[in-house]
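A look at the structure
For reference, the chains in residue letters:
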Amino acid sequence: MPKVPVYNIEGQQIGEIELSDSVFNVPINTHVLHQAVVAHLANRRQGTFAAKTRGEVRGGGRKPWRQKGTGRARQGSIRAPTWRKGGVVFAKKPRDFSIDLPKKVRRLALKCALSSKVKENNLIVLDKWDMNQYRTKEVIRVLKNLGLENQKALIVIPEKNEYLQKSTKNIPEVKTLQVGNLNVFDILKYDKFIILQDAVKKVEEVYA
């Protein structure tokens, strides 16, 4: 089992924690990670775009001029794609981009992402982080204590903490997630992975 140090919000090491091999020490499968990231990005797309074809654009029912004798090119409608305000060739229509990965693949991808953070020494465990007010400066102070100023950091908490979650929204390179919203894309996107000790137990309960 991999062992990682446990810190407090002052940046002091106060102990160690053993992580589960089945969650934080699995072989890295880059193909599965790629599948998970592609699916995540595809599932974020709304697919609500729409453009009109020549049959849907208003007007253009009458032939603009006779076929021959005018010296101009023959035209059947003023709403053909070659005309201004005409229809669109192969117009985009609303569609569903979602990709459904098997449950086993999703779970394996998350374990691989977590294991990669441990192997790269980018996983930081905090004993606790209690906030009872909205204070972005406090979040910045804690990150500075951990030596993470000006670094992209993902903070994982065991349950909803509105004060902490909203206090990190003003920091562009920092994001806070609950364990239930943990995903491969965010784990890989952020350089440092900060997780509370109680959140570690929840992750191991779900994915071990």
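Residues numbered from 1 in each chain as written. Predicted model: local features only at pLDDT ≥ 70, side-chain atom pairs only at ≥ 80, totals over all residues. Heavy atoms only, no water.

As for the overall build of the protein
For clarity, the threshold we go by: In this description a helix means any DSSP run of H or I spanning at least four residues, a strand means any run of E spanning at least two, and both kinds are numbered starting from the N terminus. Here the globule rule is a power law, 2.2 Å times the number of residues to the power 0.38, and the radius of gyration is based on C-alpha atoms. Whether a residue is buried, partly exposed or exposed follows from its accessible area with a 1.4 Å probe, protein chains only, as a fraction of its type maximum: under 20%, in between, or over 50%, in that order. Here, two residues are considered to be in contact whenever any of their heavy atoms come within 4.5 Å of each other.
What the protein contains, in helices and strands, is seven helices and six strands. Secondary structure elements of the protein occur, N-terminal to C-terminal, as β-β-α-α-α-β-α-β-α-β-α-β-α. Relative to the 2.2 N^0.38 estimate, which gives 17 Å for 208 residues, the radius of gyration of the protein is 27 Å and therefore markedly larger than a compact globule would have. Each principal axis of the C-alpha distribution contributes one length, and for the protein these read about 90 × 40 × 25 Å. Expressed as a percentage of the 208 residues in the protein, the buried residues total 40%. Long-range pairs, those at least 24 residues apart, make up 68% of the contacts in the protein with a sequence separation of at least 6.

Here's the deal with the pattern of salt bridges
This is how it is decided: Here a salt bridge means any side-chain nitrogen of Lys or Arg lying within 4 Å of a carboxyl oxygen belonging to Asp or Glu.
Tallied over the entire structure, the rule returns seven salt bridges. Among the ionic pairs, Glu10 bridges to Arg141, the shortest N-O distance being 3.2 Å. Taken together, the positions of Glu10 in the loop between strand S1 (3-7) and strand S2 (13-18) and Arg141 in helix H4 (residues 136-145) put the pair 131 residues apart, joining distant regions of the chain. A residue is classified by how much of its surface remains accessible, and Arg141, at 31% relative accessible area, is partly exposed.

Points about the packing of helix H3 (residues 103-119) against helix H7 (residues 197-207)
Operational definition: All axes here are fitted lines through C-alpha atoms, helices being fitted over the stretch that makes contact, and every angle between N-to-C directions spans 0 to 180 degrees. Each crossing is labelled by how the near helix is turned from the far one, with a counterclockwise turn of less than a right angle marking it left-handed and a clockwise turn marking it right-handed. Only Asp, Glu, Lys and Arg are considered charged, only Ala, Val, Leu, Ile, Met, Phe, Trp, Tyr, Cys and Pro nonpolar, and every remaining residue, Gly among them, polar.
Taken N-terminus to C-terminus, the directions of H3 and H7 make an angle of 145°; their axes are 11 Å apart at the nearest point. You can see that H3 and H7 cross each other, and the crossing is left-handed. Judged by residue contacts, Arg107, Leu110, Lys111 and Leu114 of H3 engage Val203, Val206 and Tyr207 from H7. The residue inventory of the contact of H3 with H7, partitioned by class, reads five nonpolar, no polar and two charged.

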